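Survey of secondary and tertiary structure
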Protein chains: 2
Amino acid sequence: MSAAEPGFTLTCPVPITGRKSIVLGHGSGGRLTAQLIRDLFLPAFDNEILRKLDDQAVLDVAGARIAMTTDSFVVTPLVFPGGDIGELAINGTVNDLAMSGAQPLYLSAAFILEEGLPMAELAQLIESMSSAAKAAEVAVVTGDTKVVNRGSADKLFITTTGVGLVPDGVKISASNARAGDQIILSGTIGDHGMAVFSKREGLEFEGSIVSDTAPLYKLVRAMLEAGEIHALRDPTRGGLATSLCEIAVASGVGMELDSRAIPVREDVKAACEILGMDPLYVANEGKLVAFVDASSADAVLKAMCALPEGRDAVVIGQAVQAHGGMVLLKTEIGGTRLLDLPFTEQLPRIC
Amino acid sequence: MSAAEPGFTLTCPVPITGRKSIVLGHGSGGRLTAQLIRDLFLPAFDNEILRKLDDQAVLDVAGARIAMTTDSFVVTPLVFPGGDIGELAINGTVNDLAMSGAQPLYLSAAFILEEGLPMAELAQLIESMSSAAKAAEVAVVTGDTKVVNRGSADKLFITTTGVGLVPDGVKISASNARAGDQIILSGTIGDHGMAVFSKREGLEFEGSIVSDTAPLYKLVRAMLEAGEIHALRDPTRGGLATSLCEIAVASGVGMELDSRAIPVREDVKAACEILGMDPLYVANEGKLVAFVDASSADAVLKAMCALPEGRDAVVIGQAVQAHGGMVLLKTEIGGTRLLDLPFTEQLPRIC
């Protein structure tokens with residue numbers, strides 16, 4: 001209620017939404033990021049495509065449906081168990097394309113380097129990008145290199161932008177989930193976030209936990225061939241819970257999840273417990289969550305399980321007509337918990 | 001000659017090409033940047049499109065010829081006489097598209113923000129991006145926001161990537177200039193670089209010199225309608241001389257320029273003299289240099305002069321069969337000077 005409404009003059013001395021400067025949480029992918037987008041970016045660049053708030057834009061260019069997506073990678077440390085910033089910069093962007101059903105085709109890569117970055121370190125990361133691009137079957141076709149003086153960046157930031165081709169008839173969007181859809185998760189959650197965090201903090205369980213970074217287009221292609229997919233997300237920043245909350249709001253559906261069905265590795269679960277983190281909110285880089293028409297859910301699940309990147313795929317719940325926009329989780333002890341967008345950052349600079 | 005060749009065992013203790021870490025010059029757009037691309041990026045990402053080393057890639061997507069280009073903007077200060085990083089991030093990328101003859105259509109924008117950046121400063125720069133996008137008739141359709149902790153970036157970096165449509169029949173490339181082509185420059189050089197540098201250093205002539213940042217697609221469209229364009233470049237980092245050297249090498253032609261024909265504003269010339277800089281190597285952000293078939297050079301020049309962004313357009317020389325790959329400048333006192341790629345950075349962080 002605003003101060004302008006009659007009979008109510010209360011104003012909040014520390015407005016939650018009106019922050020005067022940027023905080024780490026603005027990059028969390030959670031509520032503060034959403035505020036920044038809603039209050040600043042959407043009004044400035046307003047157009048129909050941007051308003052959809054998908055992780056990629058689908059454009060009509062000379063009759064072809066082109067998907068386009070961009071991501072800056074600022075992960076620290078640059079190398080972590082199971083991957084590095086170079087591999088992440090390829091897989092993160094091809095996966096955002098794949099989540100529209102598009103076949104990733106071409107990537108651009110823009111580098112911001114800090115003066116003093118050892119050439120050998122850069123060469124190793126470029127080599128890793130090269131291998132990841134080959135594995136994902138995309139070509140890096142254009143790029144840019146900027147160098148900033150020592151202390152003006154943290155070693156290396158990479159921004160990749162991808163374009164891909166959306167096949168005829170495919171219409172996948174965060175706003176397209178429907179009541180009755182089966183919610184399928186492609187594998188265990190929390191691996192990437194905990195791998196980066198434990199490396200960064202030098203924690204003991206480092207080594208056993210490795211990032212799941214992987215390209216997902218082949219999995220998506222197999223799913224599209226097997227059945228009818230309505231919505232897809234790769235739950236990166238903000239984790240599975242954030243992706244589900246966004247889809248629930250965008251599609252206006254409710255969701256009912258079974259926490260016992262959601263796979264979490266034992267070592268990831270233990271690390272999260274020690275650190276007081278919730279794996280539902282921890283970033284993944286090689287997983288997807290799909291909203292699949294109930295009629296073809298079995299076929300899609302079978303197709304997923306046949307591929308290495310989907311071998312642990314499992315139905316974790318359903319989209320429902322009731323409580324639109326809300327995600328309910330049946331807990332292990334039989335209670336019900338409401339999942340919400342995180343306000344700020346559990347783990348900064350995770351990608 | 002390497003140490004392995006018989007009868008010659010000299011090795012250089014400080015190899016010029018084998019630097020062990022990144023220096024500012026690797027971002028100069030000059031010889032060190034070229035080395036980094038040739039030694040590191042090209043071998044890693046090798047493909048036919050990247051090998052052309054144009055400022056943009058031209059891709060075949062479902063039968064359409066799509067141009068794609070990316071640039072990170074790290075200019076300091078964020079606001080300078082005549083423009084700011086927001087405006088630059090739009091114009092720089094639409095101009096790289098336009099230099100292939102493509103009509104710029106869609107842009108992505110990825111932001112790396114430093115914790116503590118005042119929200120009002122960010123809002124002003126986003127507003128400026130928005131105005132520039134409207135003026136250039138492009139839509140920002142997707143984006144990303146990352147925040148890094150205080151001290152890990154310098155306030156704000158923006159990476160924009162653009163896609164555009166290359167009209168049928170247009171074939172413009174740095175490797176396409178031909179002996180006999182007239183070299184047309186669209187206006188005065190050095191304005192942008194000197195505007196940013198004088199603001200950064202708090203120099204007296206600040207204020208009289210303003211950046212030339214401007215979108216150039218309308219100018220390119222008028223030129224394409226008027227005649228036959230073989231090569232186009234917007235001489236940004238490294239300035240006019242670097243662009244010409246790159247085209248000379250890529251096309252295997254020589255060039256003969258008349259220094260008296262190259263327009264430089266009096267205040268820019270004076271500032272360059274005081275600072276010991278050569279305006280031929282200073283960045284521009286709203287100028288282009290074109291290689292035009294001699295048969296239509298008059299018509300193209302006339303079409304350029306009819307538009308505000310080309311009103312000072314002028315023929316500055318010719319491409320010639322002789323001394324392929326070399327750019328010769330007839331100096332004001334009648335001598336001849338060989339222009340070469342700059343080794344390193346005259347003015348770092350200019351865009």
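Residues numbered from 1 in each chain as written. Chains lettered and ligands numbered in written order. Predicted model: local features only at pLDDT ≥ 70, side-chain atom pairs only at ≥ 80, totals over all residues. Heavy atoms only, no water.

1. As for the relation of the copies chain A and chain B
Short version of the rule: Our superposition of the copies is a least-squares fit, built on the C-alpha atoms of residues whose pLDDT is at least 70 in both. In what follows, a contact means two residues having at least one pair of non-hydrogen atoms within 4.5 Å.
If you rotate chain A by 180° and push it 0.0 Å along the axis, it lands on chain B with an RMSD of 0.0 Å. With respect to symmetry, the two chain copies, as superposed, fit the operation of a two-fold axis. Within chain A, the C-alpha atom positioned nearest to the axis of rotation is that of Ala 153 of chain A, 2.1 Å from it. With an isologous cut-off of 70% or more, the 100% of interface residues of chain A that recur at the interface of chain B puts this contact in the isologous class.

2. Here's the deal with the sheet that holds strand S1 (residues 57-61) of chain B
Residue and element names in this part refer to chain B. The test is simple: Pairing between strands is defined by DSSP: at least two bridges between the two strands are required. Under the scheme used here, helices are H or I runs from DSSP no shorter than 4 residues and strands are E runs no shorter than 2 residues, and both carry numbers assigned from the N terminus. Lines fitted to C-alpha atoms define the axes here, with helix axes fitted over just the stretch in contact, and angles between the N-to-C directions of these axes take values from 0 to 180 degrees.
Spatially, the 5 strands line up as an open sheet ordered S1-S2-S7-S5-S6, and their pairing is mixed. Two strands in the sheet have a free side with no partner beyond their single neighbour: S1 and strand S6 (139-148). Here the strands of the sheet are splayed against their neighbours by 20° on average, with no regard to which way each runs. Where strand S2 (residues 64-73) lies against strand S7 (residues 156-165), 8 bridges are found, and the strand directions are antiparallel. Residue pairing across strands places Phe 73 opposite Ile 158, the latter belonging to S7.

3. Some details on the pattern of salt bridges
All names here are of chain B. Let me state the cut-off plainly: For this analysis, a salt bridge means a side-chain nitrogen from Lys or Arg found within 4 Å of a carboxyl oxygen belonging to Asp or Glu.
In total, this model carries 37 salt bridges over all chains according to the counting rule given. With its nearest N and O atoms 3.7 Å apart, the salt bridge here joins Arg 178 to Glu 228. Of this pair, Arg 178 sits in the loop between S7 and strand S8 (182-185) while Glu 228 sits in the loop between helix H6 (217-226) and strand S9 (229-233), and the two are 50 residues apart along the sequence.

4. A word on the packing of helix H1 (residues 31-45) of chain A against helix H4 (residues 119-135) of chain B
This is how it is decided: Orientation labels follow simple angle bins: below 35 degrees gives roughly parallel, above 145 gives roughly antiparallel, 65 to 115 gives roughly perpendicular, and whatever is left gives oblique. Helix crossings are classified by the rotation of the near helix relative to the far one: an anticlockwise turn of less than a right angle makes the crossing left-handed, while a clockwise turn makes it right-handed.
Close contact between H1 of chain A and H4 of chain B brings their axes to 8 Å; oriented N to C, the two are set at 25°. Judged by the angle between their axes, H1 of chain A and H4 of chain B are roughly parallel. When you trace H1 of chain A past H4 of chain B, the crossing you get is right-handed. Contacts between H1 of chain A and H4 of chain B involve Leu 36, Leu 40, Phe 41, Ala 44 and Phe 45 of chain A on the former and, on the latter, Met 119, Leu 122, Ala 123, Ile 126, Met 129, Ser 130 and Lys 134 of chain B.

5. Observations regarding the packing of helix H3 (residues 85-98) of chain A against helix H4 (residues 119-135) of chain A
Residue and element names in this part refer to chain A. Using the following cut-off: Polarity classes work like this: nonpolar for Ala, Val, Leu, Ile, Met, Phe, Trp, Tyr, Cys and Pro, charged for Asp, Glu, Lys and Arg, and polar for all others, with Gly in that last group.
As a packed pair, H3 and H4 sit with axes 7 Å apart at the nearest point and diverge in direction by 30°. By the angle class used here, H3 and H4 are roughly parallel. At the point where H3 passes H4, the crossing takes the right-handed sense. Touching Ile 85, Gly 86, Glu 87, Ala 89, Ile 90 and Asn 91 of H3 are Leu 125, Ser 128, Met 129, Ala 132 and Ala 133, all from H4. Here the contact of H3 with H4 is built from residues that sort into 7 nonpolar, 3 polar and 1 charged.

6. Section: the side chain of Ser 243 of chain A
The following threshold applies: Here the term buried applies to any residue with accessible area under 20% of the maximum for its type, exposed to any over 50%, and partly exposed to those in between, with areas from a 1.4 Å probe on protein chains only.
Along the chain, the position of Ser 243 of chain A falls in helix H7 (residues 239-251). Given the relative accessible area of 5%, Ser 243 of chain A is considered buried.

7. Digging into the interface of chain A and chain B
This is how the line gets drawn: Two parts placed together each lose some accessible area; with a 1.4 Å probe, that loss summed over both constitutes the buried area. Pairs of N or O atoms are called polar contacts if they sit within 3.5 Å, as long as, within protein, a hydrogen donor faces a hydrogen acceptor (for residues adjacent in sequence, only side-chain-to-side-chain pairs).
Taken residue by residue, the interface counts 75 residues in chain A and 75 residues in chain B. Between chain A and chain B, a total of about 6300 Å² is buried, with carbon and sulfur atoms accounting for 71% of that surface. Three residues, Ile 22, Phe 45 and Met 119 of chain A, lead the burial of chain A against chain B; their summed loss comes to 11% of the area buried on that side. Scanning the region where chain A abuts chain B turns up 4 salt bridges. Among the salt bridges present, the one from Lys 146 of chain A reaches Asp 71 of chain B, with a minimum N-O distance of 3.6 Å. Between chain A and chain B we count 26 residue pairs in polar contact (both at pLDDT 80 or more) in total. Those elements giving two or more residues to the side of chain A that touches chain B turn out to be H1, helix H2 (48-51), strand S1 (57-61), strand S2 (64-73), strand S5 (103-114), H4, strand S6 (139-148) and strand S7 (156-165) of chain A.

8. Quick notes on the environment of Arg 178 of chain B
All names here are of chain B. According to the relative accessible area criterion, Arg 178 is partly exposed, its value standing at 40%. When neighbours within four sequence positions are excluded, Arg 178 is seen to be in contact with Glu 228, His 230, Val 253 and Ala 319. Engagement of the side chain of Arg 178 in a polar contact is seen with the side chain of His 230, the distance being 3.4 Å.

9. Considering unusual backbone geometry
Trans peptide bonds make up most of the peptide bonds, and negative phi angles are found at most residues other than glycine. All names here are of chain A. Following Thr 76, the chain continues to Pro 77 via a peptide bond in cis, the omega torsion being 0°. Residue position: Pro 77 is located in the loop between S2 and strand S3 (79-80). A positive phi angle, close to 50°, is found at Ala 62, a residue other than glycine. Take Ala 62: it is sitting in the loop between S1 and S2.

10. Regarding the pairing of strand S10 (residues 254-258) of chain B
Residues and elements named next belong to chain B. Pairing analysis gives 4 bridges linking S10 to strand S12 (residues 314-320), with the strands arranged antiparallel. Note on S12: the bridge partner recorded for Gly 254 is Val 320. Relative to strand S13 (residues 327-330), S10 runs parallel, the two sharing 4 bridges. Residue pairing across strands places Leu 257 opposite Leu 329, the latter belonging to S13.

11. Here's the deal with H6 of chain B
Among the residues of H6 of chain B, Tyr 217, Leu 219, Val 220, Ala 222 and Met 223 of chain B are the ones counted as buried. Against the buried residues of H6 of chain B lie helix H3 (85-98), strand S5 (103-114), S9, strand S11 (289-292) and helix H9 (297-305) of chain B.

12. Description of the side chain of Thr 213 of chain A
All names here are of chain A. With respect to the helices and strands, Thr 213 occurs in the loop between helix H5 (191-201) and helix H6 (217-226). Judged by its relative accessible area of 10%, Thr 213 falls in the buried class. At a separation of 2.9 Å, a polar atom in the side chain of Thr 213 contacts the side chain of Asn 91. Contact partners of Thr 213, with chain neighbours within four places excluded, come to Gly 82, Gly 83, Glu 87, Leu 88, Asn 91, Glu 285 and Gly 286.

13. Considering the pairing of S5 of chain B
Residue and element names in this part refer to chain B. Basically, it comes down to this: With its strands directed away from the observer, a crossover is right-handed exactly when the path from the first strand over the helix to the second travels clockwise.
When you tally the buried positions in S5, you get 10 out of 12 residues, the bulk of the element. Direction of pairing for S5 relative to S6: parallel, over a ladder of 9 bridges. What sits directly across from Glu 114, in S6, is Val 148. You can see the chain leave S5, run along H4 and come back into S6, and the turn it takes is right-handed.

14. A look at the sheet that holds strand S10 (residues 254-258) of chain A
Residue and element names in this part refer to chain A. As summarised here, the arrangement of the 7 strands in space is S9-S11-S8-S12-S10-S13-S14, forming an open sheet in which the pairing is mixed. In this open sheet, the two edge strands, each paired with only one partner strand, are strand S9 (229-233) and strand S14 (336-339). The mean angle between the axes of side-by-side strands here comes to 25°, regardless of whether they run parallel or antiparallel. Pairing of strand S8 (residues 182-185) with strand S12 (residues 314-320) involves 4 bridges; the strand directions are antiparallel. The residue of S12 that forms the bridge with Ile 183 is Gly 317. H7 rests against S8, S9, S10, strand S11 (289-292), S12, strand S13 (327-330) and S14 of the sheet, and its axis sits at about 35° to S11.

15. Considering the state of the cysteines
The condition that has to hold: In plain terms, two cysteine sulfur atoms within 2.5 Å form what is called a disulfide here.
The final tally for this structure, using the stated rule, is 0 disulfides over all chains. Take Cys 272 of chain A: it sits in no disulfide, and the sulfur closest to it among the cysteines is that of Cys 351 of chain A, at 17 Å.

16. Focus on the packing of aromatic side chains
What counts is decided by this rule: Each aromatic pair joins two rings of Phe, Tyr and Trp (for Trp, the six-membered one) with centres within 6.5 Å, and gets the label stacked for planes under 30 degrees apart, edge-to-face for over 60, and tilted for any other angle. Geometrically, a charge over a ring is one whose NZ (Lys) or CZ (Arg) sits within 6 Å of the ring centre while staying within 35 degrees of the ring normal.
The full count for this structure, using the stated rule, is 3 aromatic pairs over all chains. Between Phe 111 of chain A and Phe 41 of chain B, the aromatic rings sit 4.8 Å apart at their centres with planes inclined by 25°, giving stacked as the arrangement. Of the two residues, Phe 111 of chain A sits in strand S5 while Phe 41 of chain B sits in helix H1 (residues 31-45), which places them in two different chains. As far as the burial class goes, Phe 111 of chain A and Phe 41 of chain B line up, both buried. Note on Phe 157 of chain A and Phe 157 of chain B: the rings are 6.4 Å apart at their centroids and 50° apart in plane angle, and the pair reads as tilted. One end of the pair, Phe 157 of chain A, is in strand S7; the other, Phe 157 of chain B, is in strand S7, on a second chain. Grouping residues by exposure puts Phe 157 of chain A and Phe 157 of chain B together as buried. Between Lys 146 of chain A and the ring centre of Phe 73 of chain B, over which it is positioned, the NZ or CZ distance is 5.4 Å.

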